[in-house]
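Chain by chain, the residues:
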Amino acid sequence: MNKKEKLEDVKDYFEKKKNSVEKENKAFTDKLGWKITDVLYSFQGIYAIGVYIYYPKCFSDKTNIKIYVKEKQNLKGQLLYSGSYLQKNYTSFSKVNELPEIKEFLKSYYKLGNLIPIWPGGNVSRGMAQCYDIPNVYFNSENKREFSRFFFSDFCSNAHMEEILSENQKYTDIKTLLNMNTKDYREFLEYIVGVIDNRTKKLINYDITYSN
């Protein structure tokens, strides 16, 4: 078996040539019967939230959930939640880059537990839902909650999405996430790693050849 991709830090994420999480785990998701897959916790949205929390003075006040880079940076109309912006400017955000919790998240990024099955068009819908691609927000939103529970309990019951769909959690509102303090953000990252690791342990029971 080829050695799995592994990210050590933020620089690896933005500069290392790598396979997608989906491609890296395709042999295993095929065995699970997942026809279409998507990353559970996408790095871009989680990183963008952290950058806003640690560097609020670099960005305009939120009008709703859209956050813009301040015009004095000569980037008028530039959204923070932009892959190209974050890739070009990530070296300016060392407070986030050096967090032990962000590095632990990246080390878990390619694990099988960071993948889910998704319905046709669901991955595109997530990207357009103005939720920073946070699954707890998207799958528990008012117009997706009922169908999400049906899909993951009746149609893809081996997805082990119980923690994401639980009613007893605090990460279902994007405005609340954007208003976290630094301590809350680090706890959020720890929660994410816990979810990925717990799902990986459950999913590898379907295939003893899996290796982290």
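The structure this text deals with has already been given above.
This structure is a prediction, so every number in the text was calculated from the model and none was measured.

Caption draft 1: How the structure looks around the packing of aromatic side chains. Under the criterion given, the structure shown has 28 aromatic pairs. Their ring planes at 20 degrees and their centres at 5.1 Å tell us that Phe 43 and Tyr 47 sit as a pair that is stacked. With Phe 43 and Tyr 47 both in helix α4 (residues 43-54) and four residues apart, this pair spans about one turn of that helix. Ring centres of Tyr 171 and Phe 188 lie 4.7 Å apart, and the angle between their planes is 45 degrees; this geometry places the pair in the tilted category. Taken together, the residues Tyr 171 in the loop between α11 (162-165) and α12 (174-178) and Phe 188 in helix α13 (residues 182-203) connect sequence positions 17 residues apart. Looking at Phe 188, the relative accessible area reads 0%, which means it is buried. The positively charged end of Lys 18 is found above the aromatic ring belonging to Tyr 13, 5.0 Å away from the centroid.

Caption draft 2: Quick peek at a nonpolar patch on the surface. Judged by side-chain polarity, Phe 147, Phe 150 and Phe 155 come together as a nonpolar surface patch covering roughly 330 Å² of accessible area. Take Phe 155: it is sitting in helix α10 (residues 145-155). Judged by its relative accessible area of 61%, Phe 155 is exposed.

Caption draft 3: Representation of the pattern of salt bridges. Considering all chains together, one arrives at nine salt bridges under this definition. Glu 104 serves as the salt-bridge partner of Lys 107, at 3.7 Å between the closest nitrogen and oxygen. On the criterion of helical spacing, the pair formed by Lys 107 and Glu 104 is a turn pair, its members being three residues apart in helix α7 (residues 100-108). Lys 107 sits in the partly exposed class, given a relative accessible area of 32%. Between Asp 197 and Lys 111 there is a salt bridge whose closest N-O contact spans 2.9 Å.

What counts, and where the lines are drawn
- Here, residues in each chain are numbered from 1, in the same order as that chain's written sequence.
- Local features in a predicted model are, by the rule used here, given only for residues with pLDDT of at least 70; side-chain atom pairs are given and counted only at 80 or more, and totals for whole chains, interfaces and linings are based on all residues.
- Side-chain calculation: all heavy atoms of the structure are included, whereas hydrogens and water are not.
- A pair of Phe, Tyr and Trp rings is counted when the ring centres sit within 6.5 Å of each other, with Trp represented by its six-membered ring. The angle between the planes then sorts it: under 30 degrees is stacked, over 60 is edge-to-face, the rest tilted.
- Each helix corresponds to a stretch of at least 4 residues labelled H or I by DSSP, and each strand to a stretch of at least 2 residues labelled E; elements are numbered beginning at the N terminus.
- Throughout, exposure labels follow a simple rule: accessible area from a 1.4 Å probe, protein chains only, divided by the maximum for the residue type, with under 20% read as buried, over 50% as exposed, and the rest as partly exposed.
- Geometrically, a lysine NZ or arginine CZ counts as sitting over a ring once it is within 6 Å of the ring centre and also within 35 degrees of the ring normal.
- Note that patches include only residues with greater than 30% relative accessible area and no salt bridge, and the join distances are 9 Å for like charges and 5 Å for nonpolar side chains (Val, Leu, Ile, Met, Phe, Trp, Tyr).
- We get accessible surface area from the Shrake-Rupley algorithm with a probe of 1.4 Å; when it comes to residues, only the shown protein chains can shield them.
- Salt bridges are defined by distance alone: a side-chain nitrogen of Lys or Arg within 4 Å of a carboxyl oxygen of Asp or Glu.

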